[in-house]
Amino acid sequence: MHRDIQLNQWNAVCSLDQIVPDTGVAALLNGRQVAVFRVGAAEPRLFAIDNYDPNSEAAVLSRGIVGSIGERVVVASPIYKQHFDLQTGECLEAPHHSVSSYPVRVEDGKVWVGA
């Protein structure tokens, strides 16, 4: 589920080519660290969640390993390996440590995140 906020603006993060397929990058949006992920190469899907991992209390999710659990596309935190659903931000092992997710779009080769 996306954050319960009204989108005030879309923020350009980087060009799509700057995100290696099946990895993430970190961006600072309105004072908040966001992890933006590109999944797939030919027809990439983009996701954005908070970069802060509440389990380890570190801003590291953009450095996690992207994969899937069943139908869910997830990132495994590089510290304690909890899995976060990239669509919803839900922490599968500790739902009370879930993070926010954000809308993402690509326009003219640039990645934009709503915040």
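Residues numbered from 1 in each chain as written. Predicted model: local features only at pLDDT ≥ 70, side-chain atom pairs only at ≥ 80, totals over all residues. Heavy atoms only, no water.

**Thoughts on the pattern of salt bridges**
Thinking step 1. Under the defined criterion, the tally for this structure stands at four salt bridges.
Thinking step 2. With a shortest N-O distance of 2.5 Å, Glu90 and Arg72 are connected by a salt bridge. Of the two residues, Glu90 sits in the loop between strand 9 (83–85) and strand 10 (101–102) while Arg72 sits in strand 8 (residues 72–76), which places them 18 residues apart along the sequence.
Thinking step 3. The exposure class assigned to Glu90 is partly exposed, which follows from its relative accessible area of 27%.
Thinking step 4. The residue Glu107 makes a salt bridge to Arg105 at a minimum N-O spacing of 3.6 Å.
Thinking step 5. The class for Glu107 is partly exposed, based on a relative accessible area of 39%. (Salt bridge = Lys/Arg side-chain N within 4 Å of Asp/Glu carboxyl O. Helix = DSSP H or I, 4+ residues; strand = E, 2+ residues; numbered from the N terminus. Buried < 20%, exposed > 50% of the residue type's maximum accessible area, 1.4 Å probe, protein only.)

**What to know about the environment of Val13**
Thinking step 1. Considering the arrangement of structural elements, one finds Val13 in strand 1 (residues 10–15).
Thinking step 2. Given a relative accessible area of 22%, Val13 falls into the partly exposed group.
Thinking step 3. Taking the C-alpha atoms as reference, Val13 lies 17 Å from Ala59; in sequence the two are 46 residues apart.
Thinking step 4. Apart from residues no more than four positions distant in its own chain, Val13 is found in contact with Ala27, Leu29, Val36, Val111 and Val113. (Contact = heavy atoms within 4.5 Å.)

**Remarks on the nonpolar core**
Inside soluble globular proteins, nonpolar side chains tend to come together where they are buried.
Thinking step 1. Residues Phe37, Ile49, Val75, Phe84 and Leu86 are the most contacted members of the largest nonpolar core, which totals 14 residues.
Thinking step 2. For this core, the elements supplying multiple residues, two or more each, are strand 3 (32–39), strand 4 (45–50) and strand 8.
Thinking step 3. Among the elements that take part in this core, strand 3 stands out by supplying three residues, more than any other.
Thinking step 4. The next biggest cluster of nonpolar side chains, apart from the first, holds twelve residues, and it includes Cys14, Leu29, Val36 and Val113. (Core = buried A, V, L, I, M, F, W, Y, C linked by side-chain atoms within 4.5 Å.)

**Let's talk about the confidence of the model for the chain**
Thinking step 1. A residue-level look at the chain finds 93% of positions with pLDDT of 70 or above and a mean pLDDT of 94.
Thinking step 2. Per-residue pLDDT stays below 50 along residues 1–5; that stretch engages in eleven contacts with residues further than four places along the chain or on separate chains. (pLDDT = per-residue confidence, 0-100.)

**Points about unusual backbone geometry**
Thinking step 1. One non-glycine residue, Asn30, lies in the positive phi region at around 55 degrees.
Thinking step 2. You can call Asn30 exposed: its relative accessible area is 55%.
Thinking step 3. A positive phi is found at Asp108, a non-glycine position, where the angle reads about 55 degrees.
Thinking step 4. With respect to the helices and strands, Asp108 occurs in the loop between strand 11 (104–107) and strand 12 (110–114).
Thinking step 5. A relative accessible area of 77% places Asp108 in the exposed class.

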